[in-house]
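For reference, the chains in residue letters:
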Amino acid sequence: MRYGFAIDQRTCIGCHACTVACKTEHEVPVGQFRTWVKYVDQGVFPNSTRNFGVMRCNHCTDAPCVTICPTKALFKRDDGIVDFDNTRCIGCKSCMQGCPYDSIYIDENTHTAAKCNFCAHRIDNNIEPACVVVCPTHSIWVGDIEDPTSGISKLINNNPVTVRAPEQNTNPNVFYLGADRAVLNPLAAPVDSSYMFSTPDPHRLEVAKDLKGDAISGARTTMNTAHPRPWGWRVTTYLWLKGLGGGALIVAALAYLLGVDLGILTTVVAPALAVLGTGLTGALLVWDLKRPERFLYILTKSNFKSWLVLGSYALAAFGAVSGIWLLYGLGVETGIIESQPALLKALAWLALPTGFGVAGYTAFLFGQAEGRDLWQSPLLLWHLLVQAVMVGAGALAIAALIAGTPAPGVRLIGAALTIATVAHLLMLLGEYGGKHASAGAAAAAHMITHGRYAGMFWGGAVLLGAVAAVVAGFGWAATLAGILAIAGLLVQIALLCYESVFVRAGQDVPLS
């Protein structure tokens, strides 16, 4: 059994009755929507047309929101309906990133995720969803798609149908009859300067300037809903902090295993940076939740398919290793305990996989964010690892100047900083210098390189990064701790600039 919707746009009159019925049935707050009607105008009067599209959750057969949800608040029923339990939701907003259809929002009353749930409470009582009952033109059909005798099955099997974003391979169960391409493809119809009865939200207006649209039809969206970015500066900062902490301990561990003396940087500074980076990362993640008091649900109601859960365990494992290392180092430096080379060697070996784990797990988390094509890059994992070494070595370079680290240690830090920074710049070239796998990824990349983020990308991320690479290379060759410290500071700023545009641009591509 597999429930689905069929929307007959050939008969839809854009009356919004479905929207009103949905909001009434579920007490959806003003300004938020589980079902809404999108308007797209094309041509120039009097040779103009208007097309409608009923937008909602697609109850995907392979629902990415279910996979990425860390607490199983979103789940798939045996009848194919994707439902949600707001008593388990922590408000992490990862489901909003996973959904390729902009169908999920954070309810401003409950501060938990919400969406169309097929009126599951009505279905369980053999009553059709509210939107179906109220539609005056019978444009909304529901039923068991797998039952060949059902009305919806006959409708979609005997007529040409389309779905939204088929390239996402989610196998959506909302089928459209007679829908215009510009209605279903949000990149084909950027928002107009003014909606029919309102003004587009500022975010959609700004993004529209960077979308090419369809030059032939001149399609423009004249009615839609607001969809702000779920993640902001906290996620940008979290990417930088965990990279810095993981990278610093990785460099210190490699130095120790290679027999290079970093002095107090090995015993105290590197593990302290790791503990601080991990702790602040955890604090930012909890702070970013809409229901922060439920943060322990990640550990007590875990969905082990979600990389938000696996990432939490990666943070915990790295925090344990760096915490023990720091306690050991403080004990040695204060004379409370004697040096234990075997223990430090074991910690160094443990720091490598846990450090790379904490630096790189976000690549898999972002990979589960199916709605954000820019984040699906196959280079992302390796890029995150390189970035971690870059900013971790940069932080140690600043500390080395203060601590008076011996020359061999300065040279090793300089080598790590220079090589990682150059690798980072080469990966930027690989990420943005070639073709992209999808139109959404290409649109986001265009915003970064030629659109609204071009100044920060070229001036902040690339130029500062290039200067840092040159300065670091000179400091490495001349073994000058002061020069390396300058490069170490520059790479922090450069990476923050890049992560800022990467996180924002990935979320700016419209999905509905």
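Residues numbered from 1 in each chain as written. Predicted model: local features only at pLDDT ≥ 70, side-chain atom pairs only at ≥ 80, totals over all residues. Heavy atoms only, no water.

Here we look at helix H18 (residues 481–508)
Counted at 1.5 Å a residue, the expected span for H18 with its 28 residues is 40 Å, and the 41 Å between its end C-alpha atoms agrees. Within H18, 20 of the 28 residues are buried, which leaves the element mostly enclosed by the surrounding structure. (Helix = DSSP H or I, 4+ residues; strand = E, 2+ residues; numbered from the N terminus. Expected span 1.5 Å × (residues − 1). Buried < 20%, exposed > 50% of the residue type's maximum accessible area, 1.4 Å probe, protein only.)

Here we look at the packing of aromatic side chains
Inspection of the entire model under this criterion finds 16 aromatic pairs. Arranged with centres 4.2 Å apart and planes meeting at 20°, the rings of Phe366 and Trp375 form a pair that is stacked. Aromatic side chains Trp375 and Phe502 sit 6.4 Å apart centroid to centroid with 40° between the ring planes, which places their arrangement in the tilted category. Remark: Phe502 occurs in helix H18 and Trp375 occurs in the loop between helix H13 (341–367) and helix H14 (380–403); sequence separation between them is 127 residues. (Phe/Tyr/Trp six-rings, centres within 6.5 Å; stacked < 30°, edge-to-face > 60°.)

Topic: the sheet that holds strand E8 (residues 140–144)
An order of E8-E1-E9 is seen for the three strands of this open sheet, with the pairing classed as mixed. Only two strands of the sheet have a single neighbouring strand rather than two, namely E8 and strand E9 (174–177). Strand after strand, the sheet turns through a mean of 20° between neighbouring axes, direction not considered. One ladder, built from five bridges, connects strand E1 (residues 3–8) with E8; its direction is antiparallel. Bridge assignment links Ala6 to a residue of E8, and that residue is Trp141. (Pairing = 2+ DSSP bridges. Axes fitted to C-alpha atoms, helices over the stretch in contact; angles between N-to-C directions.)

A closer look at the sheet that holds strand E2 (residues 36–44)
The strand order across the open sheet formed by three strands is E3-E2-E10, and the pairing between neighbours is antiparallel. The open sheet has two edge strands, strand E3 (47–55) and strand E10 (220–223), and neither has a second partner. Across the sheet, the axes of successive neighbouring strands diverge by a mean angle of 30°, strand direction being ignored. Pairing of E2 with E10 involves three bridges; the strand directions are antiparallel. Its bridge partner lying in E10, Val40 is registered against Thr221.

What about the pattern of salt bridges?
Taken as a whole, this structure holds 15 salt bridges when the rule is applied. When the shortest N-O distance is used, the salt bridge between Arg291 and Glu293 registers 2.6 Å. Arg291 gets classed as buried once you look at its relative accessible area, which sits at 19%. (Salt bridge = Lys/Arg side-chain N within 4 Å of Asp/Glu carboxyl O.)

Structural notes on the pairing of E9
Residue alternation in E9 divides its side chains into two sets, Val174 and Tyr176 and Phe175 and Leu177, and both sets are buried. In this structure, E1 lies alongside E9, joined through four bridges in parallel fashion. Opposite Asp8, over in E9, you have Leu177 as the bridge partner.

Let's talk about a nonpolar patch on the surface
A cluster of nonpolar residues, Phe295, Leu296, Leu299, Phe304 and Tyr313, forms a patch on the protein surface that exposes about 490 Å² of accessible area. Judged by its relative accessible area of 38%, Phe295 falls in the partly exposed class. (Patch = residues over 30% accessible without salt bridge, like charges linked within 9 Å, V, L, I, M, F, W, Y side chains within 5 Å. Areas by Shrake-Rupley, 256 points an atom, 1.4 Å probe, with all protein chains shown as cover.)

What about unusual backbone geometry?
Comment: phi is negative for the bulk of residues other than glycine, and the bulk of peptide bonds are trans. A cis geometry characterises the amide bond from Phe45 onward to Pro46, with omega recorded as 10°. By the secondary structure assignment, Pro46 is in the loop between E2 and E3. One non-glycine residue, Asp102, lies in positive phi territory at about 55°. Inspection of the secondary structure assignment puts Asp102 in the loop between helix H3 (94–98) and strand E6 (105–106).

Focus on the nonpolar core
In this structure, Phe366, Tyr432 and Tyr498 are the most contacted members of the largest nonpolar core, which totals 93 residues. Looking at which element gives the most residues to this core, the answer is helix H9 (residues 233–257), with 13 residues. Aside from chain neighbours lying at most four places away, what touches Tyr498 is His383, Gln387, His424, Leu428, Tyr432, Phe457 and Ala461. (Core = buried A, V, L, I, M, F, W, Y, C linked by side-chain atoms within 4.5 Å. Contact = heavy atoms within 4.5 Å.)

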